[in-house]
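Remarks on the overall topology
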Amino acid sequence: MEAIKSGVIGLGSMGMGWHAETLHRLEQFDLISGCDPSEQRLKIAREQYDCEGYLDYAEMLADPELELVAVATPSSMHAEHAIQALEAGK
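Quantities reported herein were computed from a predicted structural model and do not represent experimental measurements. (Residues numbered from 1 in each chain as written. Predicted model: local features only at pLDDT ≥ 70, side-chain atom pairs only at ≥ 80, totals over all residues. Heavy atoms only, no water.)

What follows deals with the pairing of strand β2 (residues 29–35). Most of β2 sits inside the fold, with 5 of its 7 residues counted as buried. Sheet topology places strand β1 (residues 4–9) next to β2; 6 bridges connect them, and they run parallel. Bridging from a neighbouring strand, S6 pairs with L31 of β2. Where the polypeptide runs from β1 across helix α1 (residues 13–25) and back to β2, its parallel neighbour, the crossover connection is right-handed. When β2 meets strand β3 (residues 52–54), the two strands line up parallel, connected through 3 bridges. Counted as the bridge partner of S33 is E52 from β3. For the segment spanning β2, helix α2 (residues 39–49) and β3, crossover handedness is right-handed. (Buried < 20%, exposed > 50% of the residue type's maximum accessible area, 1.4 Å probe, protein only. Helix = DSSP H or I, 4+ residues; strand = E, 2+ residues; numbered from the N terminus. Pairing = 2+ DSSP bridges. Right-handed = clockwise from strand over helix to strand, strands pointing away.)

And the structure:
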């Protein structure tokens, strides 16, 4: 079975420390991207996980290779970001 190409939106403590780390560690997933408004967090994600880093969520969702998105933004933004991912076919 081919690994599911995955990304994380929100690279704070939960996004990096839990979601990205888990997706990176498990062989069923291939962490290919992360999205965050912080250039510093994106730099860390790129270095630590060898993935693409996006400042713009719509740009990340436009990647045809991306299949799954873990939403790790603040709770008040979860619904909006989950709906955007679903509408993009993720």
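So, about the nonpolar core. Of all hydrophobic cores here, the largest spans 12 residues; its members are V8, L11, M16, A20, L23, L31, L42, A45, Y49, C51, A70 and A72. Not counting residues within four places of it along the chain, the set of residues in contact with A72 comprises V8, I9, G10, M14, G15, H19 and H78. Counting 10 residues, the second-largest nonpolar core is a separate cluster that includes C35, Y57, L66 and V69. (Core = buried A, V, L, I, M, F, W, Y, C linked by side-chain atoms within 4.5 Å. Contact = heavy atoms within 4.5 Å.)

Honestly, it's all geometry; don't read function into it.
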